[in-house]
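# Descriptive structure summary
Spelled out, the chains give:
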Amino acid sequence: MSVAGNRSRALPRALVTPALGWTLAFFVLPFIAMGLSSLTAHEGGGFTLANYSQFFTDPSYWRAMVNSLEVTAIVTVISILLAYPFAWILAEQVPERWQRLALMLAVLPFWTSYVVRSYSWLLVLAQNGVINRTLIGLGLIAEPLQLANTRFATVTGFVHFFVMLLTLTIFANLKQLSPSYRKAAADLGAGPVRTFLHVVLPLTLPGIMVGAFLTFVLCIGDYITPQILGGNNELVMPQLVMMQIGRRGDFPLASALSIILMAVVTVAYLACARWLKIERA
């Protein structure tokens, strides 16, 4: 019995060991190295908190964090407002036999490279792009609008990238929602609007929150879209980190800024996890 018991305990450990080893090698150790680097000076020397104090005392660094949070919040809200009706149409209005095809067509643009899609939006929003040429051709404007290299361009690109992610999480929640809930609400005298607000929406909030958190994480840590579509006119945190590495070679400061960004993401995760736990309870 003892040999069988040892084998039963050894099997789960053997199955978990590769995952733990992967996490240790590619997350824990690099994170520790980055943390130690953030506590050193650029010119060398002992441990110091100067990199962190520089972030809290330099207004330009604070501005980059504020820009990141503002852009991420705008993108998340707009993506939810666009994704929920889209997911509702796919789940409720599209016949069951056509839903897989509709989902495949919806995610088809995501088969294209992320960088290619960013440059595609840059061509659309450029001064000689499709939008400006159309508006000038219709006589609505006389001079091209400055659409590229702005926050508007960055938000537009992000929304296009992430709205489908939210659509999939909300769609999955809507498909799991039993029709009996709506029937029970109707039996109790609730109309379509009240049923949606008091039954459907609360029950699909977990899907919204999961998609919103994923959008938050991917958006606030993205470097490519702000760099291509936003330019350097309004820096966000990932651009600021890359500037420390590419232009100054200041790896300790870049490490400190990265850890601060990770701390913001961790706070967002804890807030979402606590909220979802309360909802499930």
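Residues numbered from 1 in each chain as written. Predicted model: local features only at pLDDT ≥ 70, side-chain atom pairs only at ≥ 80, totals over all residues. Heavy atoms only, no water.

It is worth spelling out the packing of helix α7 (residues 151–176) against helix α9 (residues 192–220) at this point. Orientation of α7 relative to α9, taken along the N-to-C sense of each, is 150 degrees, at an axis distance of 8 Å. It follows from the interaxial angle that α7 and α9 lie roughly antiparallel. Once α7 is placed against α9, the crossing between them reads as right-handed. For the contact of α7 with α9, the class distribution of residues is 15 nonpolar, six polar and no charged. (Axes fitted to C-alpha atoms, helices over the stretch in contact; angles between N-to-C directions. Helix = DSSP H or I, 4+ residues; strand = E, 2+ residues; numbered from the N terminus. Parallel < 35°, antiparallel > 145°, perpendicular 65-115°, else oblique. Left-handed = near helix turned anticlockwise from the far one by under 90°. Nonpolar A, V, L, I, M, F, W, Y, C, P; charged D, E, K, R; others polar.)

Turning to the UniProt feature "transmembrane region" (unreviewed entry) in the protein, a few remarks are in order. Per the UniProt record, the feature "transmembrane region" (unreviewed entry) sits at residues 20–41, 61–89, 101–122, 152–174, 195–224 and 251–272. Taken end to end, residues 101–122 is 73% helix and 0% strand, and its first and last C-alpha atoms sit 29 Å apart. Helix makes up 90% of residues 195–224 and strand 0%, and the two end C-alpha atoms of the span are 42 Å apart. (UniProt positions renumbered as here; feature names shortened; annotations may be inferred.)

Bringing the pattern of salt bridges into the picture now. Following the criterion strictly, the structure yields six salt bridges and no others. In this structure, Glu70 and Arg151 form a salt bridge, with 2.8 Å as the shortest nitrogen-oxygen distance. Of this pair, Glu70 sits in helix α3 (residues 59–93) while Arg151 sits in helix α7; the two residues are 81 residues apart in sequence, bridging distant segments of the chain. The partner of Arg248 in a salt bridge is Asp250, and the shortest N-O contact between them spans 3.6 Å. Within the structure, one salt-bridge network assembled from shared partners comprises Arg63, Glu70, Arg151 and Glu234. (Salt bridge = Lys/Arg side-chain N within 4 Å of Asp/Glu carboxyl O.)

This brings us to the packing of aromatic side chains. Counted under the stated rule, the structure contains ten aromatic pairs. Taking the centre distance of 4.5 Å and the plane angle of 40 degrees together, the rings of Trp22 and Phe26 count as tilted. Here the residue Trp22 and the residue Phe26 both occupy positions in helix α1 (residues 2–38), the gap between them amounting to four residues, near one helical turn. The two residues Trp22 and Phe26 agree in class, both being exposed. Members of the aromatic cluster, joined through ring pairs, are Phe55, Phe56 and Trp62. (Phe/Tyr/Trp six-rings, centres within 6.5 Å; stacked < 30°, edge-to-face > 60°. Buried < 20%, exposed > 50% of the residue type's maximum accessible area, 1.4 Å probe, protein only.)

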